[in-house]
Amino acid sequence: MATVELRFSAQPEHVRTARLVAAAVARRAGVEEAVLDEVRLAVGEACSRAVGLHRSNGLTAPVRVVLTEEEKAFSIEVGDEVPGPAGGSAEAVSGITAALDPDVDSEDEMGLAVISGLVDDVSVTAGEFGGTIRMSWPVAGGGAPDLP
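The rules behind each value
Residues numbered from 1 in each chain as written. Predicted model: local features only at pLDDT ≥ 70, side-chain atom pairs only at ≥ 80, totals over all residues. Heavy atoms only, no water. Pairing = 2+ DSSP bridges. Helix = DSSP H or I, 4+ residues; strand = E, 2+ residues; numbered from the N terminus. Axes fitted to C-alpha atoms, helices over the stretch in contact; angles between N-to-C directions. Core = buried A, V, L, I, M, F, W, Y, C linked by side-chain atoms within 4.5 Å. Buried < 20%, exposed > 50% of the residue type's maximum accessible area, 1.4 Å probe, protein only. Contact = heavy atoms within 4.5 Å. Polar contact = N/O pair within 3.5 Å; in protein donor to acceptor, adjacent residues only side chain to side chain. Salt bridge = Lys/Arg side-chain N within 4 Å of Asp/Glu carboxyl O. pLDDT = per-residue confidence, 0-100. Expected span 1.5 Å × (residues − 1).

Visitor: Account for the sheet that holds strand β2 (residues 63–69), naming residues and giving values.
Guide: With respect to topology, five strands assemble into an open sheet ordered β1-β2-β3-β5-β4, the strand pairing being antiparallel. Each having just a single partner strand, β1 (2–8) and β4 (121–127) make up the two edges of the open sheet. Adjacent strand axes in the sheet meet at a mean angle of 15 degrees when their direction is disregarded. Across seven bridges, strand β3 (residues 73–79) lies against strand β5 (residues 130–138) in antiparallel orientation. Across the sheet, F74 pairs through a bridge with W137, a residue of β5.

Visitor: Quick one: what's the story with the nonpolar core, residue by residue and with numbers?
Guide: The biggest cluster of nonpolar side chains holds 34 residues, and the ones touching the most others in it are V31, V39, F74, I76, V78, M135 and W137. Elements supplying a minimum of two residues to this core: β1, α1 (15–29), α2 (36–56), β2, β3, α4 (102–118) and β5. Here this core takes eight residues from α2, the largest share from any one element. Residues contacting M135, with those up to four places away along its chain left out, are A42, V43, A46, F74, S75, I76, V78, I115, V119, D121 and V122.

Visitor: Can you tell me about the environment of D121, naming the residues and giving the values?
Guide: In this structure, D121 sits in strand β4. For D121 and W137, which are 16 residues apart along the polypeptide, the C-alpha to C-alpha distance reads 7.1 Å. Side chain to side chain, D121 and S136 meet in a polar contact 2.4 Å long.

Visitor: Mind laying out the pattern of salt bridges, listing which residues take part and the relevant values?
Guide: With the rule as written, the count across this model stands at six salt bridges. Across the pair E33 and R27 runs a salt bridge whose closest N-O atoms are separated by 2.9 Å. Since its relative accessible area comes to 52%, E33 is described here as exposed. By relative accessible area, which is 40% here, R27 ends up partly exposed. As a salt-bridge pair, E70 and R134 come within 3.8 Å of each other at their nearest N and O atoms. On the criterion of sequence distance, the pair formed by E70 in the loop between β2 and β3 and R134 in strand β5 is long-range, its members being 64 residues apart.

Visitor: Which residues make up the confidence of the model for the protein chain, and what values go with them?
Guide: Note: predicted coordinates in regions of low pLDDT should not be interpreted at a detailed level. With 78% of its residues at a pLDDT of 70 or more, the protein chain has an overall mean of 83. Of all the helices and strands in the protein chain, helix α3 (residues 90–100) carries the lowest mean pLDDT, 42, while β2 carries the highest, 97. Every residue in residues 86–104 scores below 50 in pLDDT, and together they form 30 contacts with partners more than four places removed in sequence or on other chains. Low pLDDT, under 50, characterises residues 143–148; the stretch is placed with nine contacts to residues that sit more than four places away or in other chains.

Visitor: Could you give an account of the side chain of H54, naming the residues involved and the relevant values?
Guide: Its location among the elements puts H54 in helix α2. A polar contact of 2.9 Å, which involves the side chain of H54, links it to the backbone oxygen of A61. Those residues in contact with H54, other than ones at most four positions away along the chain, are A10, L59, A61, P62, V63, D80, E81 and V82.

Visitor: Break down α2 for me, with residues and values.
Guide: Over its 21 residues, α2 extends 30 Å from the first C-alpha to the last, a length consistent with the 30 Å expected when each residue adds 1.5 Å. Within the sequence span of α2, burial applies to L36, V39, A42, V43, G44, A46, C47, R49, A50, V51, L53 and H54. Just downstream of α2 lies G58, where phi reads positive at about 70 degrees.

This is the structure in C-alpha cells:
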C-alpha cells in the first residue's frame, strides 16, 4: 500500500496544488482516465471546505490530505482540525458549522452535496480533534505497474 501525504496552510491558493497532486497520484494508482475529473473536483471541494473551516475558526494548523493506493481502491482523506462531536456524521459536521457561523452552513452543505454527487464511496466524520472526509474510487486492474 503506497501513501502520499500532503499538508498545506489553509489558503485558497493551495487548493489547486492539492487537486493536481491528487489527480497525478490517482492516475498512477490506476484510476480510470474518465474518473480523474471527478477526483479533481471532489478533492477541490473537500480542500476548499477544510480551508474555509480553518479560516472561519482562526486556525493556523495545516489542512491534511492523505492519498492511499490499495490493491483494488484509491482513497483520499481530507482532514481539518476544527473540533466537533466524536463519531459525528455529515449532519453533525453541518451542525458544527452552523453553530460557528450561520453563513457558512449553506456553503458547507453545498460542498458536501457536490462531493457526494461526484463520489460513490464517501464518508464524513467529526471528532474532538477535527473532521475528515474520506473518498475512494476503484482502480483498474489492481493498480499501475511499477516504473523503473
